Amino acid sequence: MTRPHRERRACKRFDLTCPIVVTDSEGNELLKTKTLNISDGGALLTAPIGQTIPLRQRVRVDMRLPRSTENTFMYEDISTEAGILRHQPMKDYDNLATALTFTNPLKLQLEA
């Protein structure tokens, strides 16, 4: 008998693609890519294998989250500190999915 999968994440994830720039502590750009999903606690992004950021490295991330109301569409710029949590291979073998965790959880107010 198998046990049911128990979700360990503290924050709900949302499949949301948005541009993201990752920089090091000196402000050097390490990666410019997009998110695959995002939550108040972190994000999963795609990264070329040649631009892999070492695990546990502290980084700064700048994201442009799409926002909309009944009458408008805009982007909200968000900047925060994060750490590289893990890498996992993607199906195309040229890219990795890189998980990062925000140093302080955000209040993104994303809806399902």
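So, how was this worked out
- Residues numbered from 1 in each chain as written.
- Predicted model: local features only at pLDDT ≥ 70, side-chain atom pairs only at ≥ 80, totals over all residues.
- Heavy atoms only, no water.
- Pairing = 2+ DSSP bridges.
- Helix = DSSP H or I, 4+ residues; strand = E, 2+ residues; numbered from the N terminus.
- Axes fitted to C-alpha atoms, helices over the stretch in contact; angles between N-to-C directions.
- Phe/Tyr/Trp six-rings, centres within 6.5 Å; stacked < 30°, edge-to-face > 60°.
- Buried < 20%, exposed > 50% of the residue type's maximum accessible area, 1.4 Å probe, protein only.
- Lys NZ or Arg CZ within 6 Å of the ring centre and 35° of its normal.

Draft legend 1. Expanded view of the pairing of strand β1 (residues 19-23). Taken together, the five bridges between β1 and strand β2 (residues 29-38) define a ladder with antiparallel strand orientation. Its bridge partner lying in β2, Val 21 is registered against Lys 32. Between β1 and β2, which pair antiparallel one after the other, the connecting turn spans five residues, and Gly 27 there sits at a positive phi close to 90 degrees. Here β1 runs beside strand β4 (residues 58-68); their pairing, made up of four bridges, is antiparallel. From the neighbouring strand, Val 22 faces β4, where its bridge partner is Val 61.

Draft legend 2. Local environment of the sheet that holds strand β5 (residues 73-89). Spatially, β1-β2-β3-β6-β5-β4 is the arrangement adopted by the six strands of the closed barrel, whose pairing is antiparallel. This sheet shows a mean twist of 40 degrees between the axes of neighbouring strands, independent of strand direction.

Draft legend 3. Representation of the packing of aromatic side chains. Taken as a whole and judged by the stated rule, the model has one aromatic pair. A centroid spacing of 5.4 Å and a plane angle of 80 degrees characterise the contact between Phe 73 and Tyr 75, whose relative ring orientation is edge-to-face. Under the relative-accessibility criterion, Tyr 75 is labelled partly exposed at 41%. Looking at Lys 12, its charged tip hangs above the ring of Phe 14, at a distance of 5.4 Å from the centre.

Remember, this is a structural readout, not a statement about activity or role.
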